[in-house]
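Residues per chain are reported as follows:
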Protein chains: 2
Amino acid sequence: MSLSSAKRICQIIELKPSAVDEYTKIHAAVWPGVLAALERHHILDYSIHHYPPLNLLIANFKYTGDDYAGDMKALATDEETQRWWRITDPMQESFNEGAQGSGKDVPWWTDLDEVFRFDGQP
Amino acid sequence: MSLSSAKRICQIIELKPSAVDEYTKIHAAVWPGVLAALERHHILDYSIHHYPPLNLLIANFKYTGDDYAGDMKALATDEETQRWWRITDPMQESFNEGAQGSGKDVPWWTDLDEVFRFDGQP
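Now for a quick tour of the structure. As the structure is a prediction and not an experimental result, all values here were calculated from the model.

The rules we used
Residues numbered from 1 in each chain as written. Chains lettered and ligands numbered in written order. Predicted model: local features only at pLDDT ≥ 70, side-chain atom pairs only at ≥ 80, totals over all residues. Heavy atoms only, no water. Helix = DSSP H or I, 4+ residues; strand = E, 2+ residues; numbered from the N terminus. Rg over C-alpha atoms; globule rule 2.2 N^0.38 Å. Buried < 20%, exposed > 50% of the residue type's maximum accessible area, 1.4 Å probe, protein only. Contact = heavy atoms within 4.5 Å. Lys, Arg positive; Asp, Glu negative; His and termini not counted. Charge placed at Lys NZ, Arg CZ, Asp CG, Glu CD. Least-squares fit on C-alpha atoms with pLDDT ≥ 70 in both. Buried area = accessible area lost by both parts, 1.4 Å probe. Salt bridge = Lys/Arg side-chain N within 4 Å of Asp/Glu carboxyl O.

## A short note on the overall build of chain A
The secondary structure content of chain A amounts to four helices and six strands. Starting at the N terminus, the α and β elements of chain A follow one another as β-α-α-β-β-α-α-β-β-β. The C-alpha atoms of chain A give 15 Å as radius of gyration, which agrees with the globular expectation for 122 residues (14 Å, within 12%). Within chain A, the fraction of its 122 residues that count as buried is 49%. The long-range fraction of contacts in chain A, counting pairs at least 24 apart against all pairs at least 6 apart in sequence, stands at 66%. Chain A carries 11 positive and 19 negative side-chain charges, and their two centres are separated by 3 Å.

## Considerations on the relation of the copies chain B and chain A
For the pair chain B and chain A, the best superposition has an RMSD of 0.0 Å and corresponds to a rotation of 180° with a translation of 0.0 Å parallel to the axis. Considering both components of the superposition, the chain copies are consistent with a two-fold axis.

## Considering the interface of chain B and chain A
On the chain A side, the residues contacting the 40 residues of chain B number 40 residues. Taken over both partners, the interface formed by chain B and chain A buries close to 3,700 Å², and the fraction arising from carbon and sulfur atoms is 67%. The largest per-residue losses of area from chain B upon contact with chain A belong to B:Val115, B:Phe116 and B:Phe118, which jointly make up 21% of the total buried on that side. At the boundary of chain B and chain A, one finds four salt bridges.

Keep in mind these numbers describe shape, not what the thing actually does.
Structure, rendered in structure tokens:
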């Protein structure tokens, strides 16, 4: 699958104001095992942005595989990823009612609807 | 410049609830002249997502040129783009104090800080 035809995902969550420094610091050097798991499950071109006035984190990434649900389920079984989530989940507040954490039944991050897309020419 | 080393930009603005239908409709078929102007000014891989509970629009795009400020200034002089903004600006509320509209001195959309980036392998 070409990069331009990849599924594009935008998700949001709240970052607790008390956790901003720690979250920023840990994301400046994400563990290699966590990044390897993303790559193994066809996730790339991944960025997270922060808007402090709304305590908002925005994640944007592409999925280049052909079984998104299956890859997300498999990712949630990766031990290094689980260890990462045990550190980062408590820094966040989900917008989703009933959400208990990353990799659980109710999604932790909230997936948004795409209203516009333009690939353009590199 | 390769796509993976491009500057990545994430911006937010509010979408007035009364304008959701019109905004969605017009963005399903953006005018070719508007898209051509984006391309001419090295903007690509552009998506906009919507989160109704916060009236939030999130734009995410890449800039592959070498003079972002100059390209944005030039884009703001494009007549078709100006005509587009005269339609879409009134549908939005800026988070930026003193903002008067797209292409003016005070930015209309709010640029966010990137806290994480992972390019990965396509």
